[in-house]
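# Descriptive analysis of the structure
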Amino acid sequence: MRVLITGGAGFIGSNLSRYLLENVEGVQVRIIDDLSTGRLSSLDGLDVDFIEGSILDYPTLLAADEGVDSIVHLGAIPSVPRSVAAPRPSHEANATGTLNVLEAAREAGVDHVVVASSSSVYGSNPALPKNELVWTRPMSPYAVSKLATEGYALAYQSSYGLKTLPFRFFNVYGPLQPADHAYAAVIPKFLDAALEGQPAQIQGDGLQSRDFTHVDTVCAVITEAVKNKTSSEYPVNLAYGTNTTLLELLEEMESQLGFPIDREHVEPRTGDVRASQADGIRIKELFPNVKPAPLADGLATTIEWFRSIKGSEGDNESR
Ligand code: NAD
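Quick summary incoming for the structure in this document. Position numbers for residues start from 1 in each chain and track the written sequence from start to end. It should be noted that, the model being predicted, local features are given only for residues of pLDDT at least 70 and side-chain atom pairs only at 80 or more, the latter also being counted only at that level, while totals for whole chains, interfaces and linings use all residues. Side-chain metrics in this entry use all non-hydrogen atoms of the structure; hydrogen atoms and water are not considered.

Looking now at the packing of aromatic side chains. Planes of paired rings set the category: under 30 degrees apart is stacked, over 60 is edge-to-face and the rest tilted, where pairs are Phe, Tyr or Trp rings (Trp by its six-membered ring) whose centres lie within 6.5 Å. Within this structure, the stated rule accounts for six aromatic pairs. Between Tyr-122 and Phe-170, the ring centres sit 6.4 Å apart and the planes meet at 50°, which makes this aromatic pair tilted. In this pair, Tyr-122 sits in the loop between β5 (112-118) and α5 (141-160) while Phe-170 sits in the loop between β6 (163-169) and β7 (172-173), placing the two residues 48 residues apart along the sequence. Overall, the relative accessible area of 5% leaves Phe-170 in the buried class. On the numbers, 6.0 Å between centres and 50° between planes, the contact of Phe-167 with Phe-287 is tilted. Of this pair, Phe-167 sits in strand β6 while Phe-287 sits in the loop between α9 (281-286) and α10 (295-318); the two residues are 120 residues apart in sequence, bridging distant segments of the chain. As far as burial versus exposure is concerned, Phe-167 and Phe-287 are alike and both buried. Following the ring pairs from residue to residue traces out a cluster consisting of Phe-167, Phe-169 and Phe-287. The ring centre of Trp-135 lies 4.6 Å from the NZ or CZ of Arg-137, which sits over that ring. For a ring to carry a charge above it, either NZ of a lysine or CZ of an arginine must fall within 6 Å of the ring centroid while also lying within 35 degrees of the normal to the ring plane. Across from the ring centre of Tyr-234, 4.7 Å away, lies the NZ or CZ of Arg-282, which sits over that ring. Every helix listed is a DSSP run of H or I at least four residues long, and every strand listed is a run of E at least two residues long, numbered separately from the N terminus. Residue burial is assigned from relative accessible area. The probe radius is 1.4 Å, only protein chains are included, and a residue is buried under 20% of its type maximum, exposed over 50%, and partly exposed in between.

As a structural note, the neighbourhood of the ligand is formed by 27 residues, with Phe-11, Asp-33, Thr-37, Tyr-142 and Lys-146 the closest of them. Identification of polar contacts relies on pairs of N or O atoms within 3.5 Å, with a donor-acceptor requirement for protein atoms, meaning one able to donate a hydrogen and the other able to accept it, and with residues adjacent in sequence counted only if both atoms are side-chain atoms. Note that an oxygen atom of the ligand is positioned 2.9 Å from one of the backbone N or O atoms of Ile-12. Backbone polar atom of Leu-74 to an oxygen atom of the ligand: 2.8 Å apart, as the coordinates give it. Compared with its free state, where it exposes 820 Å², the ligand has 92% of that area covered by protein. Residues are classed as near a molecule or strand on a simple rule: at least one heavy atom within 4 Å of it. Per-residue and other accessible areas follow the Shrake-Rupley method at a 1.4 Å probe size, with only the shown protein chains counted as cover for residues.

Buried Ala, Val, Leu, Ile, Met, Phe, Trp, Tyr and Cys residues that are joined via side-chain atoms within 4.5 Å together make up what is termed a nonpolar core. Formed by 36 residues in total, the largest nonpolar core has its most connected members in Leu-20, Phe-167 and Phe-169. Taken together, the elements giving at least two residues each to this core come down to β1 (2-6), α1 (11-23), β2 (28-33), β5, β6, α7 (215-228) and β11 (236-238). Those residues in contact with Phe-167, other than ones at most four positions away along the chain, are Val-114, Val-115, Ala-116, Ser-117, Ser-118, Val-221, Ile-222, Val-236, Leu-238, Ile-283 and Phe-287. One finds Tyr-173, Ala-194, Ala-200 and Met-253 within the second-largest nonpolar core, a separate group that totals 20 residues. Whether two residues touch is decided by their heavy atoms; if any such pair falls within 4.5 Å, the residues are in contact.

Attention now goes to the packing of helix α4 (residues 87-108) against α5. Geometry is summarised by axes, namely lines fitted to C-alpha atoms with helices restricted to the contacting stretch, and by angles between N-to-C directions that run from 0 to 180 degrees. Close contact between α4 and α5 brings their axes to 9 Å; oriented N to C, the two are set at 15°. With respect to their mutual orientation, α4 and α5 come out roughly parallel. Note that α4 runs across α5; the crossing there is right-handed. The segment α4 lies against α5, with Pro-87, Ser-90, His-91, Asn-94, Ala-95, Thr-98, Leu-99, Leu-102, Glu-103 and Arg-106 engaging Pro-141, Tyr-142, Ser-145, Lys-146, Ala-148, Thr-149, Tyr-152, Ala-153, Tyr-156 and Tyr-160. Ten residues, namely Ala, Val, Leu, Ile, Met, Phe, Trp, Tyr, Cys and Pro, are considered nonpolar, four, namely Asp, Glu, Lys and Arg, are considered charged, and the remaining ones, Gly among them, are considered polar. Looking at the contact of α4 with α5 residue by residue, the class counts come to 11 nonpolar, six polar and three charged. Roughly parallel here means an angle under 35 degrees, roughly antiparallel means over 145, roughly perpendicular means 65 to 115, and every remaining angle is called oblique. The crossing is said to be left-handed when, going from far helix to near helix, the turn is anticlockwise and less than a right angle, and right-handed when the turn is clockwise.

Time to look at empty space enclosed by the protein. Grid points spaced at 1 Å over the protein atoms alone were grouped into cavities, where a 1.4 Å probe fits but cannot get out, and pockets, open sets with protein on both sides within 12 Å along at least five of seven lines, with lining residues defined by an atom within 4 Å of a point. Grid points are joined across faces, edges and corners, and a volume is the space filled by probe spheres set on the points. Counted according to the given criterion, the structure contains one cavity of 30 Å³ or more. Empty space within the largest cavity amounts to approximately 40 Å³. Along the walls of the largest cavity sit Ser-119, Tyr-122, Gly-123, Lys-130, Val-273, Ala-275, Ser-276 and Gln-277, which together make up its complete lining. Taken together, the residues of the lining of the largest cavity break down into three nonpolar, four polar and one charged.

These figures come from the coordinates and say nothing about function on their own.
Structure follows, in structure tokens:
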């Protein structure tokens, strides 16, 4: 089986590369990534065919599709605040980039494409938990670009018979998720602050809730999907119906770390949603063999990874 991962040097892509290589006999992994947010070091030790290039460079993308069985399209500018600060680059990478990936698949004869959409497409819809059929109302340019991502994937299914599977990822977390940039996600940000002895910055009151999904759960689902060439006529929430507030998240971190974490409340972020929770029904129907990692277990592996990189930073400093 040959799999092309766009954005494969990113957080989810590098975990997926490792997961595929460890769990699928004879798999070949090719990656196209422009390294805008991804890091080559995340692929250290993995036997992958890496192409440094952009999905906006159509000839390079088309060449990357050669001989591929499935494409997992993760390449994107994956941030709500970045899109609010600069909507056009988000649109180009996420919406135009997806169109390119689908067009290249069609031209190269690749018949199966998994794409990464986002729970942010629900935006201001207050329904909780969310099933895939409730209305969407994006609140940020990023969310619009992800609605375009899944819309294009579904349109290529009905227009050209391409087998497509749009996943709506909820808050994915785990090893290799960076904390050291302005748009870092909440779990790496809190863990980094805690291990540096800094306060965790909470945007708003901390009662906003998320359906956190461990990256290995996401990788297990995507692996099943590429093995079986699973498609769906509508988007699928890739989350299991958990509902954790940021304050509860901090409590769980404190109990695992064994020390208290100071809190600093700052202004809420434009475009952020208050509560995000999937109903988890469709994902279990489609992938009954995947057992999602509970938050406590997922946090344990994430903390272990953070401690290991903090340890090696310490080693480097002492050299
Ligand atoms: P990431 O930033 O770590 O990975 C994205 C990768 O895409 C990076 O390696 C980046 O260099 C690459 N990339 C960006 N523009 C590109 C381009 N034009 N051509 C080629 N590569 C390009 O982010 P992630 O968290 O791994 O997210 C992966 C996907 O999942 C994204 O599509 C994101 O929108 C989606 N998603 C993630 C989450 C989450 O919680 N992490 C939630 C919802 C959706």
